[in-house]
Amino acid sequence: MQQLQNPSSSESESSVLKIQSWLVEQIADVLSLDPTTIDVKQPLTRYGLDSIDAVTLVGDLEDWLDLELPSTLLWDYPSIEKASAYMVEEFDVAVD
(Lines give C-alpha, C1' and ligand atoms only; values in the text may rest on other atoms or scores of the structure.)
Protein backbone atom coordinates (compact mmCIF):
# COMPACT_ATOMS: atom_id res chain seq x y z
CA MET A 1 0.00 0.00 0.00
CA GLN A 2 1.08 3.60 0.35
CA GLN A 3 2.83 5.55 3.05
CA LEU A 4 2.34 9.20 3.89
CA GLN A 5 5.71 10.84 4.27
CA ASN A 6 7.95 13.40 2.65
CA PRO A 7 9.33 11.29 -0.16
CA SER A 8 12.75 12.01 -1.60
CA SER A 9 13.06 12.95 -5.25
CA SER A 10 13.77 9.38 -6.38
CA GLU A 11 10.93 8.04 -4.22
CA SER A 12 8.64 10.68 -5.69
CA GLU A 13 9.59 9.74 -9.24
CA SER A 14 9.09 6.06 -8.44
CA SER A 15 5.68 6.75 -6.91
CA VAL A 16 4.62 8.84 -9.91
CA LEU A 17 5.62 6.01 -12.26
CA LYS A 18 3.76 3.40 -10.17
CA ILE A 19 0.61 5.52 -10.11
CA GLN A 20 0.91 6.10 -13.85
CA SER A 21 1.26 2.38 -14.46
CA TRP A 22 -1.76 1.62 -12.27
CA LEU A 23 -3.85 4.25 -14.06
CA VAL A 24 -2.80 2.98 -17.50
CA GLU A 25 -3.85 -0.56 -16.57
CA GLN A 26 -7.17 0.55 -15.08
CA ILE A 27 -8.04 2.86 -17.97
CA ALA A 28 -7.11 0.19 -20.50
CA ASP A 29 -9.38 -2.24 -18.67
CA VAL A 30 -12.32 0.18 -18.37
CA LEU A 31 -12.09 1.32 -22.00
CA SER A 32 -11.06 -2.06 -23.48
CA LEU A 33 -7.81 -0.65 -24.84
CA ASP A 34 -4.33 -2.07 -25.24
CA PRO A 35 -2.32 -0.49 -22.39
CA THR A 36 0.61 0.11 -24.76
CA THR A 37 -1.56 2.51 -26.79
CA ILE A 38 -2.12 4.86 -23.84
CA ASP A 39 0.19 7.88 -23.72
CA VAL A 40 0.38 9.30 -20.19
CA LYS A 41 0.84 12.82 -21.59
CA GLN A 42 -2.37 12.80 -23.65
CA PRO A 43 -5.71 14.06 -22.32
CA LEU A 44 -7.83 11.18 -21.07
CA THR A 45 -10.77 12.39 -23.13
CA ARG A 46 -8.75 11.36 -26.18
CA TYR A 47 -9.34 7.75 -25.17
CA GLY A 48 -13.04 8.19 -24.54
CA LEU A 49 -13.01 8.44 -20.76
CA ASP A 50 -16.33 9.97 -19.69
CA SER A 51 -17.27 11.62 -16.41
CA ILE A 52 -18.84 8.48 -14.91
CA ASP A 53 -15.75 6.40 -15.69
CA ALA A 54 -13.50 9.17 -14.35
CA VAL A 55 -15.33 9.41 -11.01
CA THR A 56 -15.37 5.61 -10.68
CA LEU A 57 -11.65 5.49 -11.45
CA VAL A 58 -10.91 8.14 -8.81
CA GLY A 59 -12.87 6.02 -6.29
CA ASP A 60 -10.80 2.97 -7.19
CA LEU A 61 -7.65 5.06 -6.88
CA GLU A 62 -8.76 6.23 -3.42
CA ASP A 63 -9.24 2.60 -2.38
CA TRP A 64 -5.83 1.59 -3.76
CA LEU A 65 -3.99 4.48 -2.08
CA ASP A 66 -6.21 4.62 1.03
CA LEU A 67 -6.55 8.34 0.42
CA GLU A 68 -9.38 10.80 -0.13
CA LEU A 69 -9.07 12.54 -3.49
CA PRO A 70 -11.20 15.16 -5.23
CA SER A 71 -13.81 13.47 -7.43
CA THR A 72 -12.86 15.94 -10.17
CA LEU A 73 -9.20 14.86 -10.11
CA LEU A 74 -9.11 13.55 -13.68
CA TRP A 75 -10.88 16.64 -15.02
CA ASP A 76 -8.69 19.07 -13.08
CA TYR A 77 -5.56 17.12 -14.09
CA PRO A 78 -6.66 15.67 -17.43
CA SER A 79 -3.69 13.44 -18.22
CA ILE A 80 -2.24 10.48 -16.36
CA GLU A 81 1.07 12.34 -16.09
CA LYS A 82 -0.50 15.45 -14.52
CA ALA A 83 -2.81 13.54 -12.16
CA SER A 84 0.02 11.30 -10.92
CA ALA A 85 2.38 14.21 -10.30
CA TYR A 86 -0.37 16.12 -8.48
CA MET A 87 -1.08 13.23 -6.12
CA VAL A 88 2.56 12.73 -5.21
CA GLU A 89 3.23 16.46 -4.78
CA GLU A 90 0.04 17.47 -2.97
CA PHE A 91 -0.62 14.40 -0.86
CA ASP A 92 2.98 13.19 -0.32
CA VAL A 93 1.94 9.80 -1.66
CA ALA A 94 4.67 7.18 -1.65
CA VAL A 95 3.73 3.89 -3.29
CA ASP A 96 5.62 0.76 -2.31
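Description of the structure in this document. (Residues numbered from 1 in each chain as written. Predicted model: local features only at pLDDT ≥ 70, side-chain atom pairs only at ≥ 80, totals over all residues. Heavy atoms only, no water.)

**Side note on the overall build of the protein chain**
Stage number 1. Summing up its helical and strand segments, the protein chain has four helices and two strands in all.
Stage number 2. Ordering the α and β elements of the protein chain from the N terminus gives β-α-α-α-α-β.
Stage number 3. On C-alpha atoms alone, the protein chain measures out to a radius of gyration of 12 Å, which is about the 12 Å that the 2.2 N^0.38 rule sets for 96 residues.
Stage number 4. Seen through its C-alpha atoms, the protein chain measures out along the principal axes to roughly 35 × 25 × 20 Å.
Stage number 5. Counting across all 96 residues of the protein chain, residues that qualify as buried make up 39%. (Helix = DSSP H or I, 4+ residues; strand = E, 2+ residues; numbered from the N terminus. Rg over C-alpha atoms; globule rule 2.2 N^0.38 Å. Buried < 20%, exposed > 50% of the residue type's maximum accessible area, 1.4 Å probe, protein only.)

**So, the packing of aromatic side chains**
Stage number 1. Taken as a whole and judged by the stated rule, the model has three aromatic pairs.
Stage number 2. Pairing Y77 with Y86 gives two aromatic rings, centres 4.1 Å apart and planes at 20°, and the pair type is stacked.
Stage number 3. Classification of Y77 as partly exposed rests on a relative accessible area of 28%.
Stage number 4. You can call Y86 buried: its relative accessible area is 15%. (Phe/Tyr/Trp six-rings, centres within 6.5 Å; stacked < 30°, edge-to-face > 60°.)

**Things to note about the environment of Y77**
Stage number 1. With respect to the helices and strands, the residue Y77 is situated in the loop between α3 (73–76) and α4 (80–91).
Stage number 2. Taking the C-alpha atoms as reference, Y77 lies 9.9 Å from M87; in sequence the two are ten residues apart.
Stage number 3. Aside from chain neighbours lying at most four places away, what touches Y77 is K82, A83 and Y86. (Contact = heavy atoms within 4.5 Å.)

**Considering α4**
Stage number 1. Helix length check: α4, at twelve residues, gives a terminal C-alpha distance of 16 Å against a target of 16 Å (1.5 Å per residue), a fit within 8%.
Stage number 2. As for α4, its buried residues are in contact with α1 (9–31), α2 (51–65), α3 and β2 (93–95). (Expected span 1.5 Å × (residues − 1).)

**Observations regarding the side chain of Q20**
Stage number 1. Among the structural elements, Q20 can be located in helix α1.
Stage number 2. Judged by its relative accessible area of 11%, Q20 is buried.
Stage number 3. Those residues within four positions of Q20 in sequence are excluded, and the remaining contacts are V40, I80, E81 and S84.

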